[in-house]
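# Survey of secondary and tertiary structure
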Amino acid sequence: MADAVLAPGTDLNGFRIERVLGRGGMGTVYLATQRSLDRPVALKVLHPARTRDQRSTAAFLDEARTAAR
């Protein structure tokens, strides 16, 4: 599943995209800077087609919760 890659410097809800770290079936992972804390983070962005699928969205949120622990 192809998706548009966000360009370096793009601002996405308070995160500045630096570069792509990896791409997979659910989305793209970027190295980004969290502007509010001025720190580097890995930011996973769900493929647009996946946002229309409730199961994919639920799996994405479960993954995020697990990673946050």
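Cut-offs applied
- Residues numbered from 1 in each chain as written.
- Predicted model: local features only at pLDDT ≥ 70, side-chain atom pairs only at ≥ 80, totals over all residues.
- Heavy atoms only, no water.
- Helix = DSSP H or I, 4+ residues; strand = E, 2+ residues; numbered from the N terminus.
- Rg over C-alpha atoms; globule rule 2.2 N^0.38 Å.
- Contact = heavy atoms within 4.5 Å.
- Lys, Arg positive; Asp, Glu negative; His and termini not counted.
- Charge placed at Lys NZ, Arg CZ, Asp CG, Glu CD.
- Salt bridge = Lys/Arg side-chain N within 4 Å of Asp/Glu carboxyl O.
- Buried < 20%, exposed > 50% of the residue type's maximum accessible area, 1.4 Å probe, protein only.
- Core = buried A, V, L, I, M, F, W, Y, C linked by side-chain atoms within 4.5 Å.
- Pairing = 2+ DSSP bridges.

For the chain, the count of helices and strands is one helix and four strands. Of the regular secondary structure in the chain, the N- to C-terminal order runs β-β-β-β-α. In terms of overall dimensions, the chain is globule-like: its C-alpha atoms have a radius of gyration of 12 Å, near the 11 Å expected for 69 residues. Summarising its shape, the C-alpha atoms of the chain cover approximately 35 × 30 × 20 Å along the three principal directions. Sequence separation of at least 24 residues holds for 22% of the intrachain contacts in the chain that already meet a minimum separation of 6. In the chain, 11 side chains carry a positive charge and 7 a negative one; their mean positions are 3 Å apart.

Okay, the pattern of salt bridges next. Where side chains of opposite charge bring their charged atoms close, a pairing between them can arise. Within this structure, the stated rule accounts for four salt bridges. Where Asp11 meets Arg35, a salt bridge forms, and the shortest distance between an N and an O atom there is 2.7 Å. One end of the pair, Asp11, is in strand β1 (residues 11–12); the other, Arg35, is in the loop between β3 (27–34) and β4 (39–46), with 24 residues separating them in the sequence. Its relative accessible area of 44% is what places Asp11 among the partly exposed residues.

This brings us to the nonpolar core. If you look at the biggest cluster of nonpolar residues, it comprises five residues: Ile17, Tyr30, Ala32, Val41 and Leu43. Mapped by element, the contributors of at least two residues to this core are β3 and β4.

Here the focus is unusual backbone geometry. The phi angle at Asn13 is positive, at roughly 50 degrees, despite the residue not being glycine. Locating Asn13 in the fold gives a position in the loop between β1 and β2 (15–23). Exposure remark for Asn13: the relative accessible area of 73% places this residue in the exposed category.

Below, the discussion takes up the sheet that holds β2. Read from one edge of the open sheet, four strands run β1-β2-β3-β4, paired in antiparallel fashion. Looking at strand neighbours, the two that pair on one side only are β1 and β4, the edges of this open sheet. As judged from the eight bridges shared by β3 and β4, these two strands associate in the antiparallel manner. Across the sheet, Val29 pairs through a bridge with Lys44, a residue of β4.

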